[in-house]
2 protein chains.
Amino acid sequence: MLKAEIIAIGSELLTPSRQDTNSLWLTDKLNEYGIHVWQKHIIGDNRKELSDLLKQAMDRSDFVLTSGGLGPTFDDISREAFADALDAELVYHDKIYDYIRKELRKRDVEPTENNRRQGNVPEGCDYVLNPVGTAPGIIYKNENVRVALLPGPPKELKGVFKRMAKKLFSNLDQTPVHTKVFKMITIPERRAEEKLRSIELPDNAEWSILASLGQVEAHLRITSSDTSEVEEITRKFETELTDCIGQRFFGYDEESIESLVAGLLSDNGHTIAVAESCTAGWLGKRLTDVSGSSEYMAGGIISYSNEVKESLLNVEKSALEKLGAVSREVALQMARGVKNALATEIGVSITGVAGPSGGTEEKPVGTVYIAVSGPGDKEMCHRFHFLGDRDSVRFMSTQSALDMIRVVYTGKEYESAYVKE
Amino acid sequence: MLKAEIIAIGSELLTPSRQDTNSLWLTDKLNEYGIHVWQKHIIGDNRKELSDLLKQAMDRSDFVLTSGGLGPTFDDISREAFADALDAELVYHDKIYDYIRKELRKRDVEPTENNRRQGNVPEGCDYVLNPVGTAPGIIYKNENVRVALLPGPPKELKGVFKRMAKKLFSNLDQTPVHTKVFKMITIPERRAEEKLRSIELPDNAEWSILASLGQVEAHLRITSSDTSEVEEITRKFETELTDCIGQRFFGYDEESIESLVAGLLSDNGHTIAVAESCTAGWLGKRLTDVSGSSEYMAGGIISYSNEVKESLLNVEKSALEKLGAVSREVALQMARGVKNALATEIGVSITGVAGPSGGTEEKPVGTVYIAVSGPGDKEMCHRFHFLGDRDSVRFMSTQSALDMIRVVYTGKEYESAYVKE
């Protein structure tokens, strides 16, 4: 398998609060060409250090991609460092500087003498003009290694990369790699992994797990030039995944639970309102992350105090006193109450103990009731137990609420590893 | 200056969606000891590759810190790779395994044969037991380099690092570095930087800017053993920063705008309610990020639709029709309305055009009105214009709302670069 390493250049990326994110995007693109990223590095704006690292990387990898250090200032040393690594001279290209001057003038910026430096390219290298900025990208190829120097700003990096991809990856004779992402919601990572392990795949296919809070993704990669083979393996994987993961499997690739729920509500012409206690508005925020959400979102009531639960949601005082604010009955009354108050088809409520304080033996920190009332006379309410800190409990509550709305539309019984009846 | 490099170990960190974040925390800690991080690396779970990198790093750096690869499974190869790099044997320590067994049994987990591997430490190294997990940390020191192998899970990394810091940094003979962070809210990064540039500092002091959305931090670092000198420079810097930044400077170090506002409300015994349109609950969520927020937070009304603004917040139909939902008058009526409906001392409202659609020439995307009503008969309302995508506009709206609540308690007029009256 072809191996790549990625080098992010810039002293600011070695401070406690800045991070290289370009390498994530580049990794995804390289993976699409069947190229494996096996090392990543972050290094400051130092010519000698960078040229040493470039030499090492070119010795051991098939591809070396760098980001940053191509700007006009004297901190920008990628051109010089790469020339040192190649033991080559810098050659000045009038064509590059002409293009930069023209682009800057379009934006009413006067080019400075520094911009001239951006016209320099190490001898033996090719270049690609920058469609969204000034710094050109630089390409070098020999029989052992291919190197691409890309600008640091993410938009410029992507623009230049796309322009040079054809040259950079020409005649690779690699079998193409097809990726499909299967998304699962509110299932513990370990459980998903155990279940998927039983799926048998041919040698040219493999899957890996990527988990974030409340979501697990299975990335299926198939190396094949045969489209019907790719389709067959994908279909088989999906069938077996659906068998073992069941309802927890919700979507593909770029789909998010927010966009899925938005689509369900819009397609059905239903409006929704939220009644939030411990999450205090977070569910409302997530339901409106998607542009165009005014089509289905009416609003909601944040009933952090019991008084508000009574006065605005019509929750019975007796239920609050006898059963407590964190109870099935109060969750159901909140969902019905907000549906009535805002005259929507669906009402969703969340009430729980987010912690770190407020837990009891009967209702420890992490205990949350979520109810969905509607559409029509459908009703659903579950008791959950979430682990983790305040932030995790609150996020998982909104995640499970979105998930319950989704399942209402499947017409099935709701199931989740976090339900603790 | 002493130089460190940090190596994050784990094949999952080389995928398109996972990122090493431990190195940010470690960089901050190393900087506190006056140690400069000059390279960072990310490498997969491969024994030979890691041991090669460790050898190189030990040759060129004063400190080498690694994270990950210390777990019980056969993917975890840090112990073996480091032994290879040192050309040493692994020595099994009964004490480590005894401790791990005890810890696992406390959690009702039966130790497996694999956990035994965690008892292995390369000859010539010292170890530190893990206060929050099983994997011990490993330390090595010779006259040229000091190496620390830390576990990957962030809580375990921090716990083990704190336990080994004294050993790792003993007898450094470095002049201590004192850091103080000055926090500024809703000021453009460039403007803060330009203003601070006029501050003159002695050679042993420097500042740098770290910006995130809606917040800019100035990190002041003073290298000195003289406490009164440190105090004097800090005082001078703060005085000049206050002069040029004014009201936008709000706190120090770990303080957040959420915790500051929580403190102001609690200390004054005031309750608060929110009326949110375009942010749809995000402000409520942030006001309750802090544990103990039930002391001041009553709740709120998410009035995403105009009907809800009328029915639950008592906004006049005529104001909505004549001036539009995104207007000064409607924002003020929303703030008053929620204060009355929830019977609190303070009501805060947000109404705006988050985009990407919905903008007009008069009220382009990013136009947001924020009002604060109370405590008492105080009232404040401003028109803002925020740049960026939907998420940025919505976040900046909640950030500015929190900021306005803060400024109410200073008794001063509100000022911000984002106010566009």
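Residues numbered from 1 in each chain as written. Chains lettered and ligands numbered in written order. Predicted model: local features only at pLDDT ≥ 70, side-chain atom pairs only at ≥ 80, totals over all residues. Heavy atoms only, no water.

Peer 1: Pulling in residues and values, what's your account of the overall build of chain A?
Peer 2: A tally of helices and strands in chain A yields 13 helices and 17 strands. Relative to its length of 421 residues, chain A is extended, with a C-alpha radius of gyration of 27 Å against a globular reference of 22 Å. For chain A, the spread of C-alpha atoms along the principal axes amounts to about 85 × 55 × 40 Å. Out of the 421 residues in chain A, the part that is buried amounts to 57%. Put simply, 68% of the contacts in chain A that link residues at least 6 apart link residues at least 24 apart. Summed over all atoms, the accessible surface of chain A reaches about 18000 Å², with 46% contributed by carbon and sulfur. (Helix = DSSP H or I, 4+ residues; strand = E, 2+ residues; numbered from the N terminus. Rg over C-alpha atoms; globule rule 2.2 N^0.38 Å. Buried < 20%, exposed > 50% of the residue type's maximum accessible area, 1.4 Å probe, protein only. Contact = heavy atoms within 4.5 Å. Areas by Shrake-Rupley, 256 points an atom, 1.4 Å probe, with all protein chains shown as cover.)

Peer 1: Give me the lowdown on the packing of helix 10 (residues 306-313) of chain B against helix 12 (residues 328-342) of chain B, citing residues and values where you can.
Peer 2: All names here are of chain B. For the pair helix 10 and helix 12, the least separation of the axes is 9 Å and the interaxial angle reads 45°. Between helix 10 and helix 12, the angle is such that the two are oblique. Note that helix 10 runs across helix 12; the crossing there is left-handed. Contacts from Lys309, Leu312 and Leu313 in helix 10 reach Val330, Gln333, Met334, Gly337, Val338 and Ala341 in helix 12. (Axes fitted to C-alpha atoms, helices over the stretch in contact; angles between N-to-C directions. Parallel < 35°, antiparallel > 145°, perpendicular 65-115°, else oblique. Left-handed = near helix turned anticlockwise from the far one by under 90°.)

Peer 1: Describe in detail the relation of the copies chain A and chain B, supporting the description with residues and values.
Peer 2: With an RMSD of 1.2 Å, chain A superimposes on chain B once it is rotated by 180° and translated 1.0 Å along the axis. Here the copies are linked by what is in effect a two-fold axis. Looking at chain A, 98% of its interface residues are interface residues in chain B too, so the copies touch through the same face. (Least-squares fit on C-alpha atoms with pLDDT ≥ 70 in both.)

Peer 1: A description of helix 4 (residues 94-106) of chain A should follow, citing residues and the corresponding values.
Peer 2: All names here are of chain A. The first and last C-alpha atoms of helix 4 sit 19 Å apart over 13 residues, in line with the 18 Å expected at 1.5 Å per residue. Looking only at helix 4, the buried set comprises Ile96, Tyr97, Tyr99, Ile100, Glu103 and Leu104. For helix 4, the angular spread of buried residues about the axis comes to 160°, placing them on one side. Seen from the open side of helix 4, the exposed residues pointing more than 90 degrees away from its buried face are Lys95, Lys102 and Lys106. Against the buried residues of helix 4 lie strand 4 (90-92), strand 5 (120-122) and strand 6 (126-128). Count one or two residues on from helix 4 and you reach aspartate 108, which has phi positive near 60°. (Expected span 1.5 Å × (residues − 1). Arc of directions from axis to C-beta.)

Peer 1: Which residues make up the packing of aromatic side chains, and what values do they have?
Peer 2: Ring pairs (aromatic) are described by centroid distance and by the angle formed between their planes. Counted according to the given criterion, the structure contains 26 aromatic pairs over all chains. Ring plane angle 15° and centroid distance 5.3 Å describe the contact between Phe384(B) and Phe386(B), whose orientation is recorded as stacked. Considered together, Phe384(B) and Phe386(B) belong to a single accessibility category, that of buried residues. Ring centres of Phe386(B) and Tyr418(B) lie 5.8 Å apart, and the angle between their planes is 45°; this geometry places the pair in the tilted category. Separated by 32 residues along the polypeptide, Phe386(B) in the loop between strand 17 (379-385) and helix 13 (390-408) and Tyr418(B) in the segment after helix 13 bring together distant segments of the chain. For the pair shown, Phe386(B) and Tyr418(B) are each scored as buried. Members of the aromatic cluster, joined through ring pairs, are Trp25(A), Tyr33(A), Phe63(A), Phe161(A) and Phe169(A). Across the ring face of Trp38(A), the terminal group of Lys3(A) is positioned such that the distance to the ring centre comes to 3.8 Å. Over the ring of Trp282(B) we find Lys285(A), and its NZ or CZ is 4.2 Å from the ring centre. (Phe/Tyr/Trp six-rings, centres within 6.5 Å; stacked < 30°, edge-to-face > 60°. Lys NZ or Arg CZ within 6 Å of the ring centre and 35° of its normal.)

Peer 1: Please give an account of the interface of chain A and chain B that cites residues and values.
Peer 2: By a widespread convention, an interface's size corresponds to the accessible area lost as its parts come together. Taken together, the 61 residues of chain A in the interface contact 60 residues of chain B. Linking chain A with chain B are four salt bridges, by the criterion used here. Across the salt bridge formed by Arg18(B) and Glu189(A), the nearest N and O atoms sit 3.9 Å from each other. Counting every contact that joins chain A to chain B gives 28 residue pairs in polar contact (both at pLDDT 80 or more). (Salt bridge = Lys/Arg side-chain N within 4 Å of Asp/Glu carboxyl O. Polar contact = N/O pair within 3.5 Å; in protein donor to acceptor, adjacent residues only side chain to side chain.)

Peer 1: Residues and numbers for the confidence of the model for chain A, please.
Peer 2: Should the pLDDT be low somewhere, the predicted coordinates at that spot are not to be read in detail. The pLDDT averaged across chain A works out to 93; a share of 100% of its residues lies at or above 70. Both scores are available for the predicted complex, with the pTM at 0.82 and the ipTM at 0.82. (pLDDT = per-residue confidence, 0-100.)

Peer 1: Outline the sheet that holds strand 2 (residues 36-43) of chain B, listing residues and values.
Peer 2: Strand order in this open sheet of twelve strands is 6(A)-7(A)-8(A)-3(A)-1(A)-2(A)-2(B)-1(B)-3(B)-8(B)-7(B)-6(B), and the pairing throughout is mixed. Edge positions in the open sheet fall to strand 6 of chain A together with strand 6 (126-128) of chain B, since each of these has one partner strand only. Taken over all neighbouring pairs, the strand axes of this sheet differ in orientation by 15° on average, direction set aside. As paired strands, strand 1 (residues 3-9) of chain B and strand 3 (residues 63-67) of chain B are joined by five bridges and run parallel to one another. The residue bridging Ile7(B) from the neighbouring strand is Thr66(B), located in strand 3 of chain B. Across the sheet, helix 1 (residues 22-32) of chain A touches strand 1 (3-9), strand 2 (36-43), strand 3 (63-67) and strand 8 (146-150) of chain A, and the angle it forms with strand 2 of chain A is around 160°. (Pairing = 2+ DSSP bridges.)

Peer 1: Describe the sheet that holds strand 10 (residues 205-212) of chain A, with residues and values.
Peer 2: All names here are of chain A. Judged by pairing direction, the sheet is antiparallel, and its four strands sit side by side in the order 10-11-9-12 without closing on themselves. Each edge of the open sheet carries a strand with a single partner, namely strand 10 and strand 12 (249-252). Shown here is a sheet whose adjacent strand axes are inclined to one another by a mean of 25°, direction ignored. Inspection of the sheet shows strand 9 (residues 177-185) paired to strand 12 by three bridges, in the antiparallel sense. Across the sheet, the residue bridging to phenylalanine 182 is tyrosine 252, located in strand 12. The strands touched by helix 6 (residues 189-196) are strand 9, strand 10 and strand 11 (215-223); relative to strand 10, the strand with the most contacts, the crossing angle is about 165°.

Peer 1: Break down the packing of helix 6 of chain A against helix 7 (residues 227-245) of chain A for me, with residues and values.
Peer 2: All names here are of chain A. At a minimum axis distance of 9 Å, the contact between helix 6 and helix 7 shows a crossing angle of 130°. On the basis of their axis angle, the class for helix 6 and helix 7 is oblique. As for how helix 6 packs across helix 7, the hand of that crossing is right-handed. In contact with Ala192, Lys195 and Leu196 of helix 6, helix 7 contributes Leu241, Cys244 and Ile245. Across the contact of helix 6 with helix 7, the residue classes tally to five nonpolar, no polar and one charged. (Nonpolar A, V, L, I, M, F, W, Y, C, P; charged D, E, K, R; others polar.)

Peer 1: Let's hear about the pattern of salt bridges: which residues, and what values?
Peer 2: Any two side chains of opposite charge can pair, so long as their charged atoms come close to each other. Residues and elements named next belong to chain B. Under the counting rule described, the total for this entry stands at 42 salt bridges over all chains. The partner of lysine 180 in a salt bridge is aspartate 253, with the nearest N and O atoms 3.9 Å apart. Linking lysine 180 in strand 9 (residues 177-185) with aspartate 253 in the loop between strand 12 (249-252) and helix 8 (257-267), this pair joins segments that are 73 residues apart in sequence. With a relative accessible area of 26%, lysine 180 lands in the partly exposed category.

Peer 1: Give me the lowdown on the pairing of strand 10 of chain A, citing residues and values where you can.
Peer 2: Residue and element names in this part refer to chain A. Direction of pairing for strand 10 relative to strand 11: antiparallel, over a ladder of eight bridges. The partner of serine 212 across the bridge, within strand 11, is glutamine 215. Where strand 10 folds back on strand 11, the antiparallel hairpin that results is connected by two residues, among which glycine 214 adopts a positive phi of roughly 80°.

Peer 1: Kindly report on the environment of Tyr369(A), identifying the contributing residues and their values.
Peer 2: All names here are of chain A. By secondary structure assignment, the location of tyrosine 369 is in strand 16 (residues 367-373). Tyrosine 369 sits 21 residues away from arginine 390 along the chain, and the two C-alpha atoms are 16 Å apart. Among the polar contacts made by the side chain of tyrosine 369, one reaches the side chain of arginine 383 at a distance of 3.3 Å.

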